[in-house]
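Examination of the molecular architecture
Chain by chain, the residues run as shown.
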Amino acid sequence: MSICRAAIVVLFFASTSWAHGPEGLGKVSFSNSCQPAVQATFTRGVALLHSFAFRDAEAAFRETLAGDADCAIAGWGIASALIGNTFAVGPNPQQAQTAKDAIARARATTRKTERERYFIEAIAQYYDDYPSKPHMQRMQSLSAAFEQVAKRFPADDEAQIFSAVYLTATQPLTDKTYAKALKAAEILEVQFKKHPDHPGVAHYLIHSYDFPEIAGKGMSAARSYSEIAPSAPHALHMPSHIFTRVGAWKDSAAINERSAKAAKEQKEPHDQLHAMDYSVYAYLQLGQDDEARRVLREARELKDFTPTVRAGPYALAAMPARIALERGDWAEAAKLVPEDNSRFPYTTTQTQYARAIGAARGGNPAAAEADVRAIARVSEDLKSKDPYWATEVEVQRLTTEAWVAFAKGERDAGLRLMRSAADMEDGNEKSSLTPARMLPARELLGDMLLAANRPADALVAYELSQQREPNRYRGLYGAGQAAMQSNDRDKARLYFSKLSEMAGSNLRPGEAAVVRQMLAKN
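Every chain's residues receive numbers from 1 upward, in the order its sequence appears when written. In view of the model being predicted, local features appear only for residues whose pLDDT reaches at least 70, and side-chain atom pairs are presented and counted only at 80 or more, with totals across whole chains, interfaces and linings using the full set of residues. Neither water nor hydrogens contribute to the side-chain values; these are computed over all heavy atoms in the structure.

As for the confidence of the model for the chain
- Residue-level pLDDT values for the chain average 94, and 96% of them are 70 or greater.
- Each residue carries a pLDDT score, the predictor's own confidence in it, on a scale running from 0 to 100. Note on contacts: a residue pair qualifies if any of its non-hydrogen atoms lie within 4.5 Å across the two residues. Scored below 50 in pLDDT, residues 6-21 makes 40 contacts in the model with residues more than four places away or belonging to other chains.

Section: the environment of Q95
- Secondary-structure assignment places Q95 in helix α4 (residues 93-108).
- Classification of Q95 by relative accessible area gives partly exposed; the value is 31%.
- Taking the C-alpha atoms as reference points, Q95 and A81, 14 residues apart in sequence, are found 9.7 Å from one another. Think of it this way: any DSSP run of H or I at least four residues long counts as a helix, any run of E at least two long counts as a strand, and we number them from the N terminus. Only protein chains enter the area calculation, which uses a 1.4 Å probe; residues under 20% of their type maximum are buried, those over 50% are exposed, and those in between are partly exposed.

Here's the deal with the pattern of salt bridges
- Salt bridges are defined as contacts in which a side-chain nitrogen from Lys or Arg sits within 4 Å of a carboxyl oxygen from Asp or Glu. Scanning all chains against the criterion turns up 46 salt bridges.
- We note a salt bridge from R245 to E429, for which the minimum N-O separation is 3.8 Å. Of the two residues, R245 sits in helix α12 (residues 239-246) while E429 sits in the loop between α21 (411-426) and α22 (441-451), which places them 184 residues apart along the sequence. Each of the two residues, R245 as well as E429, counts as buried.
- In the salt-bridge network here, residues are joined through shared partners; they are K176, D210, E213, R245, D423, D426, E429, R442 and R468.

A word on helix α18 (residues 345-361)
- Taking 1.5 Å as the rise per residue, α18 with 17 residues should run 24 Å; its terminal C-alpha atoms sit 24 Å apart, in good agreement.
- Two residues or fewer past α18, G363 is found with a positive phi of approximately 95°. Here the expected span of a helix is defined as 1.5 Å times the quantity of residues minus one.

So, the packing of aromatic side chains
- Put simply, two rings from Phe, Tyr or Trp (the six-membered ring, in Trp's case) pair if the centres are within 6.5 Å, and we call them stacked under 30 degrees between planes, edge-to-face over 60, tilted for the rest. Overall, the coordinates contain 23 aromatic pairs when judged by the stated rule.
- When the centroid spacing of 4.0 Å and the interplanar angle of 5° are considered together, the rings of Y346 and W389 count as stacked. Separated by 43 residues along the polypeptide, Y346 in helix α18 and W389 in helix α20 (residues 387-407) bring together distant segments of the chain.
- Taken together, F30, F42, F61, W76, F119, F146, F162 and Y166 form an aromatic cluster joined through their ring pairs.
- In this analysis the charged atom, NZ for Lys or CZ for Arg, is taken to sit over a ring once it is within 6 Å of the ring centre and within 35 degrees of the ring normal. For the cation-ring pair, R115 lies above F30, with the distance from its terminal atom to the ring centre recorded as 4.4 Å.

Let's talk about unusual backbone geometry
- Here the residue pair Y130 and P131 is connected by a cis peptide bond, since its omega of 0° sits within 30 degrees of zero.
- Secondary-structure assignment places P131 in the loop between α5 (114-128) and α6 (135-152).
- The backbone of F52 sits at a positive phi, close to 55°, despite the residue not being glycine.
- Inspection of the secondary structure puts F52 in the loop between α1 (39-50) and α2 (54-67).
- For F52, a relative accessible area of 7% puts it in the buried group.
- A positive phi angle, near 55°, is found at Y178, a position not held by glycine.
- Tracing the sequence through the fold places Y178 in the loop between α7 (157-169) and α8 (179-194).

Structural notes on helix α26 (residues 509-520)
- Helix length check: α26, at 12 residues, gives a terminal C-alpha distance of 17 Å against a target of 16 Å (1.5 Å per residue), a fit within 8%.
- Regarding α26, the residues found buried are E511, A512, V515 and M518. Projected down its long axis, α26 shows its buried positions confined to an angular sector of 145°, all on one face. Seen from the open side of α26, the exposed residues pointing more than 90 degrees away from its buried face are P509, G510, A513, Q517 and A520.
- On its buried face, α26 sits against α24 (473-485) and α25 (489-503). The arc under discussion is defined with respect to the helix axis, by the directions toward the C-beta atoms.

Focus: the nonpolar core
- By convention a nonpolar core is built from buried Ala, Val, Leu, Ile, Met, Phe, Trp, Tyr and Cys residues, the set being connected through side-chain atoms within 4.5 Å. Counting residues in hydrophobic clusters, the biggest one holds 89 residues, and the most contacted among them are L325 and M418.
- In contact with L325, not counting residues within four places along its chain, are W330, A333, Y353, A354, I357, M438, L439 and R474.
- One finds I83, A96, I123 and A159 within the second-largest nonpolar core, a separate group that totals 82 residues.

With respect to the packing of α1 against α2
- Axes here mean lines fitted to C-alpha atoms, for a helix over just the part in contact, with angles spanning 0 to 180 degrees between N-to-C directions. Two elements in contact, α1 and α2, have axes separated by 8 Å at closest approach and are oriented at 160°. By the criterion of interaxial angle, the relationship of α1 to α2 is roughly antiparallel. Between α1 and α2 lies a crossing of left-handed hand. Counting all contacts with α1, which are made through T41, F42, R44, G45, V46, L48 and L49, the residues of α2 involved are F54, D56, A57, A60, F61, E63 and T64.
- In this classification, Asp, Glu, Lys and Arg are treated as charged, Ala, Val, Leu, Ile, Met, Phe, Trp, Tyr, Cys and Pro as nonpolar, and every other residue, Gly included, as polar. The residue makeup of the contact of α1 with α2, split by class, is eight nonpolar, three polar and three charged. Any angle between 65 and 115 degrees counts as roughly perpendicular, while under 35 counts as roughly parallel, over 145 as roughly antiparallel, and the rest as oblique. Each crossing gets its handedness from the near helix: less than a right angle anticlockwise from the far helix is left-handed, clockwise is right-handed.

So, the packing of α1 against helix α9 (residues 199-208)
- The interhelical angle for the contact between α1 and α9, taken along N-to-C directions, is 15°, at an axis separation of 8 Å. The angle between α1 and α9 places the two elements in the roughly parallel class. When the axes of α1 and α9 are compared, the crossing they make is left-handed. Mapping the contact onto sequence places A47, L49 and H50 in α1 and P199, G200, H203 and Y204 in α9.
- Its residues assigned to classes, the contact of α1 with α9 shows four nonpolar, three polar and no charged.

What about the side chain of S379?
- Structurally, the position occupied by S379 is in helix α19 (residues 365-382).
- When residues no more than four places from it in sequence are discounted, the contact partners of S379 are A390, V393 and E394.

Side note on the environment of R44
- Relative to the helices and strands, R44 resides in helix α1.
- Along the sequence, R44 and A102 sit 58 residues apart, while their C-alpha atoms lie 19 Å from each other.

See below:
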């Protein structure tokens with residue numbers, strides 16, 4: 001006969017892996033039929049899973065099995081942890097086989113409740129089609145399976161919470177209704193009221209609201225999550241997804257510094273690099289360029305990470321590109337050196353894009369053409385493999401072609417291509433892999449219109465860009481310039497005032513004089 005243990009509530013665990021006192025992972029309650037001796041270990045695994053601490057979560061579930069070989073639900077935990085980030089690319093073949101073995105063992109274990117059997121069979125749906133179906137299709141199968149679990153056990157909060165995150169993970173980045181994400185958020189808001197200290201609820205609410213038009217709804221969860229689970233590097237990082245969306249740069253820089261430090265202490269280099277990319281982006285919006293360069297120097301000291309995980313290589317490609325482009329240092333951008341990445345070629349295109357923009361805007365369009373061709377090849381190759389990134393890279397192709405044409409004096413062609421790039425980018429959402437594209441295409445359209453002596457049209461482009469990516473340093477400065485050249489002094493003062501308030505003494509020298517001169521006028 002199955003034995004169902006009372007739910008275990010977890011707030012702090014003693015842990016040798018966390019060097020500054022008790023390990024804070026939040027409060028989790030998960031009924032199960034495992035022996036009393038492994039309850040704390042198992043529940044700690046669930047808490048870690050909710051904060052995407054997959055390596056440590058898997059270890060906790062294995063420790064659970066070592067203490068109770070018949071704890072079937074631990075097999076579910078192992079298989080869940082091995083998926084990795086549900087918003088990324090999924091497990092490698094070795095990890096998938098390990099997960100299948102764990103599921104097989106869990107199925108063979110006789111001591112499990114009906115609820116546990118449903119959990120195990122639901123996670124199995126993800127792996128049953130491995131590797132014949134891509135990650136997103138397998139996530140859709142998992143989401144559908146967990147939706148049935150949630151319906152079968154409506155009073156089980158963990159079933160509702162896991163169902164919600166899998167639902168959000170299947171939100172198409174081309175669907176501007178955000179239907180699945182908002183459905184998940186509705187489930188999670190109920191849970192947030194019931195469990196304000198649950199790490200998964202706050203975490204998954206941030207993911208559900210991680211879109212421009214609805215990001216403000218996620219501020220409460222963003223403010224809470226890092227305090228709920230301060231020992232989890234991902235919990236320290238995730239609030240910045242909302243902070244970035246609303247332009248809260250000081251908050252984003254601070255929380256990502258904490259996240260990178262925690263990830264370093266726990267030897268999670270990909271989490272560390274991911275947080276560093278976000279902090280570099282935030283520092284650049286504040287005009288704190290020296291801080292951005294300091295973070296990049298520290299990031300380049302990290303060598304021991306797996307290149308088959310995309311977060312590290314992407315961040316290392318993105319950070320130097322951001323530093324050059326955001327500051328308008330076209331010569332620096334043109335000299336960047338790309339590192340080939342055949343597994344994730346869209347990491348390499350970040351550098352090629354920056355080089356092409358730098359060369360074209362620096363007055364040497366011919367030097368950009370090789371990178372434009374390389375970007376085009378990647379875009380074409382990705383069409384059948386990864387449609388989302390194929391679109392993102394196609395935007396880069398259109399953008400770089402636009403600036404090459406414009407630099408050659410083909411202004412109408414350049415503007416036409418740049419409008420196409422902006423329209424295409426507006427139809428796609430950014431990936432959670434990155435705080436933002438290298439530069440927003442709509443903002444670049446504003447730059448081009450301004451260079452074409454069309455300041456009124458440029459102002460429209462900048463304002464549209466600010467709606468999706470508010471409080472960007474370049475966007476505010478561009479809008480202020482466009483307004484000033486359009487003789488709209490009120491708007492010029494508005495945007496320059498925002499920029500001055502945001503950057504303060506860190507206004508870049510080339511822009512500080514213009515801003516202060518305008519603001520000094522009556």
